[in-house]
Amino acid sequence: MTTTVLDHYVGGKAWAGDSERTSPVYDPALGEVSKQVRLASAADVSQAVATAVGAFDGWANASIAARQAVMLRFRELLAARRDELAEILTAEHGKVLSDAAGEIARGLEVVELALSMPQLSKGEFSQNVSTGVDVYSVREPVGVVGIISPFNFPAMVPLWFFPLAIAAGNTVILKPSEKDPSAANWLAELMTEAGLPPGVLNVVHGDKEAVDALLTHPDVPAISFVGSTPIARYVYATGTAHDKRVQALGGAKNHMLVLPDADLDLAADAAVNAGFGSAGERCMAVSVLLAVDSIADELIERIASRMAGLRTGDGRKGCDMGPLITAAHRDKVSGYIDIAMADGARVVVDGRDGEFDGGADGFWLGPTLLDGVPLDSAAYTDEIFGPVLSVVRVPGFAEGVEIINASPYGNGTAIFTNDGGASRRFQREVTVGMIGINVPIPVPVAYHSFGGWKASLFGDAKAYGSAGYAFFTREKAVTSRWLDPSHGGINLGFPQHD
Ligand code: NAD
């Protein structure tokens, strides 16, 4: 049997590059290799960057109306063909089809934000700041933007960045995860179909070699990265050392604090949805439930009874939860159940015992609930990134906030309560970038920005929203005077206003 090889997509067409290296792509519900993906060499990356540089002038100088027209057609095509993309996501990532559809819907929001580019790109003007002098500022594209994305949102994370980057007049090299790379090609082909000129959006597949080539390339002035914290830290340090602007979003350990006055059914639903959706492979997944002692037993019981009704299996079969991304990741995640047990936690629901509606060799692990996970256990301190929800019991609000703030991560957190005063204090006191009040996965809408604090985001630029637009542009401030007969002659002093 010949295996399909997924090419790069450069200059508006599939491109093999020169590297001989490839990496297997799996269908995680079957546990079978579905294709190979090319892994670019540094020389391949250089050629793609040269293509993007070549396309820059034409695109940056295209009118706002022309750029807008492409984005509008792209939005319509993506909305019409979203089911096709969802199938690609499920086949390579494993997430269930309804979850894949949700990922696309959240990506579409950013495309719609990019359509407000005429509004976003308006500059500022101050008339007569000094007699006869006007000042105005305009924002211009930065050049070739490198986007490096993780496996867990193969469509949404690229969509967080490239529509805004492109609408602002930049050209792009997208380096998606090598674990589920096909969505990136599909999106780039759709942009071509929407009328994007060749070379504006390029997809280069690869691993560390391709990433390093982007991070050190002199013609790539901006890097948007999303992935795990160690790699985000490395990308930020390396990119900035090479004079680039870098936004590097990292990993997470998200806590949900449930106070005694919360609606426990709402909290139990939320914990299950946010803990096990996408098999816990979300940077905004709730992985730690901070339950106040007085309601902890009751809450655990309600969560466990809901978990009994979850069906894990092939995402194409209407199941609630799919497989993990690779066998190695599944083994790592299930290893944390052993670690938690050895450290004294109680396994309330053991996902290793589950039955799975999918291929015998699929990368399965069922939803798992742990109680009493000690704060010094690796099962608490590490980002597990799987369907494992750990309960940590706390005496009350203050201890819950203390635990949240002691975490090195600060991506998302949530409080469940009916006490407005407590939720207001919570919102002010936690050192976390995105906060949910009776909302477990507080991913902001596209016109606000997405990003965490501390080790969940390196750099100061969040993704999308006005921060995302600012990241992809640089400002020019122009001070102008049109001569009139009253110009003032020689004055060597520092400019002052009169
Ligand atoms: P990852 O860090 O392994 O990979 C991310 C990207 O970096 C991929 O494109 C990969 O090819 C590349 N990469 C991997 N190792 C590298 C290396 N040594 N040098 C250079 N590049 C390298 O992350 P992942 O496993 O694909 O994704 C899951 C992680 O991403 C989780 O930690 C999750 O929390 C995080 N994530 C964060 C957010 C957020 O918004 N903060 C969103 C989604 C995912």
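Conventions and cut-offs
- Residues numbered from 1 in each chain as written.
- Predicted model: local features only at pLDDT ≥ 70, side-chain atom pairs only at ≥ 80, totals over all residues.
- Pairing = 2+ DSSP bridges.
- Helix = DSSP H or I, 4+ residues; strand = E, 2+ residues; numbered from the N terminus.
- Expected span 1.5 Å × (residues − 1).
- Buried ≥ 20, exposed ≤ 12 C-beta atoms within 10 Å, placed from the backbone.
- Contact = placed C-beta atoms within 7 Å.
- UniProt positions renumbered as here; feature names shortened; annotations may be inferred.
- Domains from an automatic or database assignment.

For the chain, an unreviewed UniProt entry supplies the name methylmalonate-semialdehyde dehydrogenase (CoA acylating) and the organism Gordonia polyisoprenivorans.

S.K.: Would you explain the sheet that holds strand β5 (residues 32-38) in this entry?
M.R.: By way of backbone hydrogen bonds, the strands of a sheet pair with one another, either parallel or antiparallel. Spatially, the 3 strands line up as an open sheet ordered β1-β5-β4, and their pairing is mixed. Two strands lie at the open edges of the sheet, namely β1 (5-6) and β4 (22-27), each paired on one side alone. With 6 bridges joining them, β4 and β5 adopt antiparallel strand pairing. The partner of Thr 22 across the bridge, within β5, is Arg 38.

S.K.: Please explain the environment of Thr 4 as it appears in this structure.
M.R.: With respect to the secondary-structure elements, Thr 4 resides in the segment before β1. C-alpha separation for the pair Thr 4 and Val 37, spaced 33 residues apart in sequence, amounts to 8.4 Å.

S.K.: What is the right way to read helix α4 (residues 97-114) from this model?
M.R.: Helical periodicity: at 3.6 residues per turn, an α-helix aligns residues three or four positions apart in one direction. Along its 18 residues, α4 runs 26 Å from first to last C-alpha, staying within 8% of the 26 Å computed at 1.5 Å per residue. Within α4, burial applies to Asp 99, Ala 100, Glu 103, Ile 104, Gly 107, Leu 108, Glu 109, Val 110, Val 111, Leu 113 and Ala 114. On its buried face, α4 sits against α2 (64-80), α3 (82-93), α5 (117-120) and α6 (156-167).

S.K.: It is not clear to me how the UniProt feature "domain: Aldehyde dehydrogenase" (unreviewed entry) in the chain should be interpreted in this structure. Could you clarify?
M.R.: Taking the numbering used here, the UniProt-annotated feature "domain: Aldehyde dehydrogenase" (unreviewed entry) corresponds to residues 16-478. The span residues 16-478 is 41% helix and 22% strand, and its two end C-alpha atoms sit 45 Å from each other.

S.K.: Help me understand the domain arrangement of the chain in this model?
M.R.: We note that the domain assignment places domain 1 (5-250 + 456-478) and domain 2 (254-437) within the chain. The gap between the C-alpha centroids of domain 1 and domain 2 is 31 Å. Contact with domain 1, which involves 18 residues of that partner, is made by 25 residues of domain 2. Those elements giving two or more residues to the side of domain 1 that touches domain 2 turn out to be α3 and α4.

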